[in-house]
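Observations on the three-dimensional arrangement
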Amino acid sequence: MSQQTVLYDAQGPRARRRTAIGTVIAVLVLAGLAYVVIDRLIERNQFSMEKWGPLIDPSNEAFDAVWRLLGEGVVNTLRAAAIAMLLSVVLGTLIAVARLSAGRAGRIPLIGLVELFRGLPVVVLVYFGVRVLPDVGVDLRELPGGQELWGLVIGLTAYNMVIFAEVVRAGVASLPKGQREAALATGLTNGQTMRIVLLPQAFRVMLPAIISQLIVVLKDTSLVTFIANYDELLSQGESIRRNLDNPIQTFIVIALMYITINYLLGRLAQYIQRRQARASARVAEVTDAGANVPVGGGA
Amino acid sequence: MSPVFENLDLFWDGYLTSLSICLWALVGSLPLGVLIAGCRVSPVPPLQWFGTFWVTTFRNTPLTVVLFFCAFGLPEIGINNSFFFFGVLGLVLYTSAFVCEAVRSGINSVSAGQAEAARSIGLNFTQGLRFVVLPQALRTVVPPLGSVLIAMFKNSAVVGAFGVGGDLWSTGATLNSARGLETLPVFVGVAVFYLMITLPAGAVLQVLERKVAIAR
């Protein structure tokens, strides 16, 4: 293993023998577990084409309908997640900027807002968007996409915008103080400093966090299944399950779809983070070298 | 707000059911998460693969899908139980992946030099682990683990939405739909009771963080 961990060193002959024995035992135990599960699945007829056919056999009569439903589900999931994400980033940035530039008194309601929405379960906020808003007279049916989409988007946005507000605030706070001072010294106003100098850098730092949060939003779109009839991926899976009576197979396929999308997003976030870490390491090296150069002296 | 005050007893019962979901999920997911973390950092490759598989699966699947799988899938293979059990089971499986990552990040944040230093002053592996590595690892774990647990408290609402009757979320939904009470006051009531779980939990966590956590 190339990555050094604090728990053990490079292994000598005895440790390697122990690892080999551990490997054999682990393989036996895991294979035993897998055997029990698979045996139970076979016994209950869960590998039959009757159950899997609609999902994996193109000649099955239900195949086209099932995958049309799943396709629509993915599109609806991605659409709701993308809109909610965009709105959360924009609103979150506004809240963060307001909180950073407001005085002591102005800050208190903003802190209250952040704590309130962060403390509520997101499913409660989705409920608010989809069920409560129409009851108090907010009509979202006229909007393209309809009541369910926008109710879901509003719920997800309410929850995520305050998370982004905190992320943006942390991003701005992580910048070297000199950035702001230099910007102000060149004659930029406070607002310009924020917009031209601080926010662009903060967004670069926060990009991995933003992408990671996108995974959360994507997963949370499925909460609407409990509340309303918006045909995202899980709701579509539910109708497939009710019609074909194959819950294990359907939910495995749905889970695989979510895992694929989210795993790729997670890798993207990791990749960007690593690239940034390398870039800032280079910067650090340069400044380290700079510090060794005698101040005010030539070679 | 009268619908809330007239039904305070129902809200209180729902609050207690929500707390008991949280408690069972906590009791289940902490040891399971630590066990999976142990697999991920062990020197045995198959255990590492198993840990990675577990985390990748449960971190990238929505909690809702895990819950549906437990409640509708498991009976298919002869595992029958109450919705409460399946709800808590789903929450435990899902949360364990996040607990594992929090614990692992804590262990990884201890620099290898610390263990080398421990060896160089003559401590053996167990002593080094006990006196040098673990104390540091556990203290770094406090903030991320706390966030995981607060997220789990909030996720207990999903378990309620899923059909575990009598918890806070389902109490609100029942008052709205079955008794036809207005949504807004009931919503506010549910929200306030959830804040009664998450805000104190957050405050306790902050105190704990200030006491023990170290930043690296």
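Residues numbered from 1 in each chain as written. Chains lettered and ligands numbered in written order. Predicted model: local features only at pLDDT ≥ 70, side-chain atom pairs only at ≥ 80, totals over all residues. Heavy atoms only, no water.

Further remarks concern the overall build of chain B. The secondary structure content of chain B amounts to nine helices and zero strands. In chain B, the succession of helices and strands from N to C terminus is α-α-α-α-α-α-α-α-α. Across its three principal directions, the C-alpha atoms of chain B cover 70 × 45 × 20 Å. When each of the 216 residues of chain B is scored for burial, the buried share is 51%. By sequence separation, contacts in chain B at least 24 residues apart represent 77% of the contacts at least 6 residues apart. Accessible area for chain B stands at about 9,600 Å²; split by element, carbon and sulfur atoms hold 69% of it. Of the side-chain charges in chain B, 11 are positive and 9 negative, and the distance between the mean point of each set is 20 Å. (Helix = DSSP H or I, 4+ residues; strand = E, 2+ residues; numbered from the N terminus. Buried < 20%, exposed > 50% of the residue type's maximum accessible area, 1.4 Å probe, protein only. Contact = heavy atoms within 4.5 Å. Areas by Shrake-Rupley, 256 points an atom, 1.4 Å probe, with all protein chains shown as cover. Lys, Arg positive; Asp, Glu negative; His and termini not counted. Charge placed at Lys NZ, Arg CZ, Asp CG, Glu CD.)

Accessible area lost on assembly of the parts is the figure often given for the size of an interface. Each side of the interface is counted separately: chain A has 55 residues, and chain B has 54 residues. Between chain A and chain B the total buried area reaches about 4,600 Å² when both faces are included, carbon and sulfur atoms providing 73% of it. Put simply, chain A and chain B have eight residue pairs in polar contact (both at pLDDT 80 or more) between them. Listed by contribution, the elements that provide at least two residues to the side of chain A that touches chain B are α1 (13–43), α4 (104–119), α5 (122–135), α8 (190–220), α9 (233–244) and α10 (247–292) of chain A. No other element matches the 10 residues that α10 of chain A contributes to the side of chain A that touches chain B. Considering only residue class, the side of chain A that touches chain B consists of 32 nonpolar, 11 polar and 12 charged. (Buried area = accessible area lost by both parts, 1.4 Å probe. Polar contact = N/O pair within 3.5 Å; in protein donor to acceptor, adjacent residues only side chain to side chain. Nonpolar A, V, L, I, M, F, W, Y, C, P; charged D, E, K, R; others polar.)

Residue and element names in this part refer to chain A. On the surface, a cluster of positive charge is made up of Arg-204, Arg-267, Arg-274, Arg-275 and Arg-278. Top element by residues in the positive patch is α10. It accounts for four residues. Looking at the secondary structure, you find Arg-275 in helix α10. When its relative accessible area of 46% is taken as the criterion, Arg-275 is described as partly exposed. (Patch = residues over 30% accessible without salt bridge, like charges linked within 9 Å, V, L, I, M, F, W, Y side chains within 5 Å. Salt bridge = Lys/Arg side-chain N within 4 Å of Asp/Glu carboxyl O.)

Bringing the environment of Asp-220 of chain A into the picture now. Residues and elements named next belong to chain A. The residue Asp-220 is located in helix α8 in this model. A relative accessible area of 14% means that Asp-220 is categorised as buried. Here the alpha-carbon distance between Asp-220 and Leu-152, two residues 68 residues apart in the chain, equals 9.4 Å. Those residues in contact with Asp-220 that sit more than four places away from it in its chain are Val-122 and Leu-156.

Bringing the packing of aromatic side chains into the picture now. Summed over the entire model, instances satisfying the criterion amount to 11 aromatic pairs over all chains. Between Phe-50 of chain B and Trp-54 of chain B the ring centres are 5.9 Å apart and the planes differ by 55°, which places this aromatic pair in the tilted class. Of this pair, Phe-50 of chain B and Trp-54 of chain B are both found in helix α3 (residues 45–60), four residues apart, which corresponds to roughly one turn of the helix. Looking at Arg-241 of chain A, its charged tip hangs above the ring of Phe-72 of chain B, at a distance of 3.7 Å from the centre. (Phe/Tyr/Trp six-rings, centres within 6.5 Å; stacked < 30°, edge-to-face > 60°. Lys NZ or Arg CZ within 6 Å of the ring centre and 35° of its normal.)

This brings us to a nonpolar patch on the surface. There is a patch of nonpolar side chains on the surface, built from Val-136 and Val-138 of chain A together with Trp-12, Leu-16, Leu-19, Leu-184, Val-188, Val-192 and Met-196 of chain B and spanning about 680 Å² of accessible area. Those elements that place two or more of their residues in the nonpolar patch are α2 (8–41) and α9 (183–212) of chain B. Here the nonpolar patch takes four residues from α9 of chain B, the largest share from any one element. Secondary-structure assignment places Val-138 of chain A in the loop between α5 and α6 (146–173).

Residues and elements named next belong to chain B. One can find Thr-95 in helix α5 (residues 83–109). When its relative accessible area of 3% is taken as the criterion, Thr-95 is described as buried. Other than its neighbours up to four places away in sequence, Thr-95 contacts Ser-29, Val-148 and Met-152.

Taking 1.5 Å per residue, 31 residues should reach 45 Å; α8 of chain A reaches only 37 Å between its end C-alpha atoms and comes up short. Along its length, α8 of chain A shows its largest kink, about 55°, at Met-206 of chain A, and proline Pro-208 of chain A lies within four residues downstream of that point. (Expected span 1.5 Å × (residues − 1). Bend = angle between axes of the 7 residues up to and from the residue.)

Turning next to the UniProt feature "domain: ABC transmembrane type-1" (unreviewed entry) in chain A. The UniProt entry lists residues 74–269 of chain A under the feature "domain: ABC transmembrane type-1" (unreviewed entry), expressed in the numbering used here. Segment residues 74–269 of chain A splits into 82% helix and 0% strand. End C-alpha atoms: 21 Å apart. (UniProt positions renumbered as here; feature names shortened; annotations may be inferred.)

This part is about the UniProt feature "transmembrane region" (unreviewed entry) in chain B. All names here are of chain B. Taking the UniProt record as the reference, the feature "transmembrane region" (unreviewed entry) is found at residues 15–37, 49–74, 80–100, 145–164 and 184–208. Measuring from the first to the last C-alpha atom of residues 80–100 gives 28 Å, for a span that is 86% helix and 0% strand. Here residues 184–208 is 100% helix and 0% strand, with 36 Å between the C-alpha atoms at its ends.

Quick look at the side chain of Gln-249 of chain A now. Residue and element names in this part refer to chain A. By the element assignment, Gln-249 lies in helix α10. On the accessibility criterion, Gln-249 (1% relative accessible area) is buried. Each residue touching Gln-249, except ones within four places of it in the same chain, is listed here: Gln-46, Lys-51, Trp-52 and Leu-55.

Contact geometry of α1 of chain A with α3 of chain B gives a least axis separation of 7 Å together with a crossing angle of 45°. Comparing the axis directions of α1 of chain A and α3 of chain B gives the class oblique. Counting all contacts with α1 of chain A, which are made through Thr-19, Thr-23, Ala-26, Val-27 and Leu-30 of chain A, the residues of α3 of chain B involved are Pro-45, Pro-46, Leu-47 and Phe-50 of chain B. Tallied by class, the residues present in the contact of α1 of chain A with α3 of chain B amount to seven nonpolar, two polar and no charged. (Axes fitted to C-alpha atoms, helices over the stretch in contact; angles between N-to-C directions. Parallel < 35°, antiparallel > 145°, perpendicular 65-115°, else oblique.)

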